[in-house]
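Residue-level listing of the chains:
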Amino acid sequence: QVQLQESGPGLVKPSQTLSLTCTVSGGSISSGGHYWNWIRQHPGKGLEWIGYIHYSGGTYYNPSLKSRVSISVELSKNQFSLKLDSVTAADTAVYYCARVGYGDFGYWGQGTLVTVSS
Amino acid sequence: QTVVTQEPSLTVSPGGTVTLTCASSTGAVTSGSYPNWFQQKPGQTPPRPLIYSTSIKHSWTPARFSGSLLGGKAALTLSGVQPEDEAEYYCLLYFGGAWVFGGGTKLTVL
């Protein structure tokens, strides 16, 4: 059973870079048919897809965040990571990592709240 | 910017049937949009996946939930609604690279 777990600072200062890591267990991140995603949910609001990475390194980002987002993969650690630059209070959200394969978004991490505040 | 639209709110009586829809600003939703549906109750994280690839249920999805394409939209139908089905429901569509969530439908069971 694949499990995903987000980790990283819960508090980030405005204008700094938000950095989160997702550790995958119970399965290999190198599985060819799967893409590894970041999704966020602002407090009391809906879901927003941020982007994904394939183990080969290919990425695709939400056009509205593309200028500030970077997703990378660390195959040896079975992890993938999110970096979001120049954060503001509007980036305060619960951040989720999730796996999609063959149209199936069935596996998510529990989510981690990141607050942007000085 | 592609927009995915859901009904903001719906109300259904216990035991009734309700259909939630998910529309794309780019045109008809097809199987190639790989529609996914999620349920989220207050305070619940993460959202619970219900349906993927239009109509395929996860092993944990109750039989009363079903997915389909209906009139150019993705649809989630709940038959024999239970009080515990009161929740926010989100759809997710694929657009040739990017994924886009709908704004969610708040389902009230009353």
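Read on for an overview of the structure. Values in this document were obtained by computation on a predicted structure and should not be read as measured data.

### A word on the overall build of chain B
Argument step 1. Each helix and strand counted, chain B has 0 helices and 11 strands in total.
Argument step 2. Each helix and strand of chain B, placed in order from N terminus to C terminus, yields the pattern β-β-β-β-β-β-β-β-β-β-β.
Argument step 3. For chain B, the spread of C-alpha atoms along the principal axes amounts to about 35 × 30 × 25 Å.
Argument step 4. Relative to its full complement of 110 residues, chain B shows a buried share of 49%.
Argument step 5. Surface exposure of chain B reaches about 4600 Å², of which carbon and sulfur atoms provide 54%.

### Thoughts on the side chain of B:His58
Argument step 1. Tracing the chain through its elements places B:His58 in the loop between β6 (56–57) and β7 (65–70).
Argument step 2. Accessibility expressed as a relative area gives 8% for B:His58, which makes it buried.
Argument step 3. Look past the residues within four positions of B:His58 in its chain and what remains in contact with it is A:Asp104, A:Gly106, B:Pro49, B:Leu50, B:Ile51 and B:Tyr52.

### Remarks on the environment of A:Val114
Residue and element names in this part refer to chain A.
Argument step 1. Mapped onto the fold, Val-114 is located in strand β11 (residues 112–116).
Argument step 2. Each C-alpha atom of the pair Val-114 and Thr-92 lies 5.6 Å from the other, and the pair is 22 residues apart in sequence.
Argument step 3. Excluding anything up to four places from it in sequence, Val-114 contacts Pro-9, Gly-10, Val-12, Leu-18, Leu-20, Asp-91, Thr-92, Ala-93 and Tyr-95.

### As for the side chain of B:Ser53
Argument step 1. Following the sequence through the fold, B:Ser53 ends up in the loop between β5 (48–52) and β6.
Argument step 2. Given a relative accessible area of 17%, B:Ser53 falls into the buried group.
Argument step 3. A polar contact is formed between the side chain of B:Ser53 and the backbone oxygen of A:Tyr102, at a distance of 3.4 Å.
Argument step 4. When sequence neighbours within four positions are dropped, the list of residues in contact with B:Ser53 reads A:Tyr102, A:Gly103, B:Tyr34, B:Pro35 and B:Asn36.

### Structural notes on the nonpolar core
Argument step 1. By size, the foremost hydrophobic cluster in this structure holds 25 residues, and its most contacted members are A:Trp38, A:Phe80, A:Leu82 and A:Tyr95.
Argument step 2. Looking at this core, the elements that each hand over two or more residues are β3 (18–25), β4 (34–41), β5 (47–54), β7 (69–74), β8 (79–84), β9 (93–101) and β11 of chain A.
Argument step 3. The biggest single contributor to this core is β3(A), with 4 residues.
Argument step 4. The contact partners of A:Tyr95, leaving out residues within four places of it in the chain, are A:Glu6, A:Leu18, A:Leu20, A:Ile39, A:Arg40, A:Ile50, A:Leu82, A:Leu84, A:Gly111, A:Thr112 and A:Val114.
Argument step 5. In this structure, B:Val4, B:Trp37, B:Phe65 and B:Leu78 belong to the second largest nonpolar core, which totals 21 residues.

### A few points about the interface of chain A and chain B
Argument step 1. Across the contact, 23 residues belong to chain A and 21 residues belong to chain B.
Argument step 2. Roughly 1700 Å² of surface becomes buried between chain A and chain B when both sides are summed, with 63% attributable to carbon and sulfur atoms.
Argument step 3. Broken down residue by residue, the surface that chain A buries against chain B is led by A:Leu47, A:Trp49 and A:Phe105, which jointly contribute 30%.
Argument step 4. Across the contact surface, chain A and chain B share 0 salt bridges.
Argument step 5. Between the two partners, chain A and chain B, sit 7 residue pairs in polar contact (both at pLDDT 80 or more).
Argument step 6. Within the residue set of the side of chain A that touches chain B, elements represented by two or more residues are β4, β5, β9 and β10 (104–108) of chain A.

### A word on the sheet that holds strand β8 (residues 73–79) of chain B
As a general point, the strands of a sheet are linked pairwise by backbone hydrogen bonds and lie either parallel or antiparallel.
Residues and elements named next belong to chain B.
Argument step 1. Judged by pairing direction, the sheet is antiparallel, and its 4 strands sit side by side in the order β1-β3-β8-β7 without closing on themselves. The two strands at the open ends of the sheet, each matched to only one other strand, are β1 (4–6) and β7. Taking each pair of neighbouring strands and ignoring which way they run, the sheet shows an average axis angle of 20°.
Argument step 2. The pairing of β1 with strand β3 (residues 17–24) spans 3 bridges and is antiparallel. When the sheet's bridge partners are listed, Thr-5 is paired in β3 with Ala-23.

### Describing the sheet that holds strand β1 (residues 3–7) of chain A
Residues and elements named next belong to chain A.
Argument step 1. Taken together, the 4 strands give an open sheet; going across it, the order is β1-β3-β8-β7, and neighbouring strands pair in antiparallel fashion. Of all strands in the sheet, those with a lone pairing partner are β1 and β7, marking the two edges. The mean inter-strand angle of the sheet, taken between neighbouring strand axes irrespective of direction, is 20°.
Argument step 2. Summarising the sheet, β7 and β8 pair through 6 bridges and their orientation is antiparallel. Bridging across to β8, Val-73 finds its partner in Phe-80.

The rules behind the values
Sequence order sets the numbering: in each chain, residues are counted from 1 along the sequence as written. Labels are handed out in written order, letters beginning with A for the chains and numbers beginning with 1 for the ligands. pLDDT decides what is reported in this predicted model: residues at 70 or higher carry local features, side-chain atom pairs at 80 or more are listed and counted, and totals for whole chains, interfaces and linings draw on all residues regardless. In computing side-chain properties, one takes all heavy atoms of the structure into account and sets aside hydrogens as well as water. Working definition: helices are DSSP H or I runs of at least four residues, strands are E runs of at least two. Numbering for both runs from the N terminus. The classification of residues rests on relative accessible area computed with a 1.4 Å probe and restricted to protein chains. Under 20% of the type maximum is buried, over 50% is exposed, and intermediate values are partly exposed. To measure how exposed things are, a 1.4 Å probe is used in the Shrake-Rupley method; for residues, cover is taken only from the protein chains shown. Contact definition: two residues touch when any of their heavy atoms are within 4.5 Å. Contacts described as polar in this section are N or O atom pairs within 3.5 Å, which, within protein, must combine one atom able to donate a hydrogen with one able to accept it, while residues neighboring in sequence count only if both atoms come from side chains. To qualify as a nonpolar core, a set must consist of buried Ala, Val, Leu, Ile, Met, Phe, Trp, Tyr and Cys residues joined through side-chain atoms within 4.5 Å. A quick way to say it: buried area is the sum, across both parts, of accessible area lost when two parts are put together, with a 1.4 Å probe. Definition used for salt bridges: Asp or Glu carboxyl oxygen within 4 Å of a side-chain nitrogen of Lys or Arg. DSSP-based pairing: two strands are paired if at least 2 bridges between them are found. Lines fitted to C-alpha atoms define the axes here, with helix axes fitted over just the stretch in contact, and angles between the N-to-C directions of these axes take values from 0 to 180 degrees.

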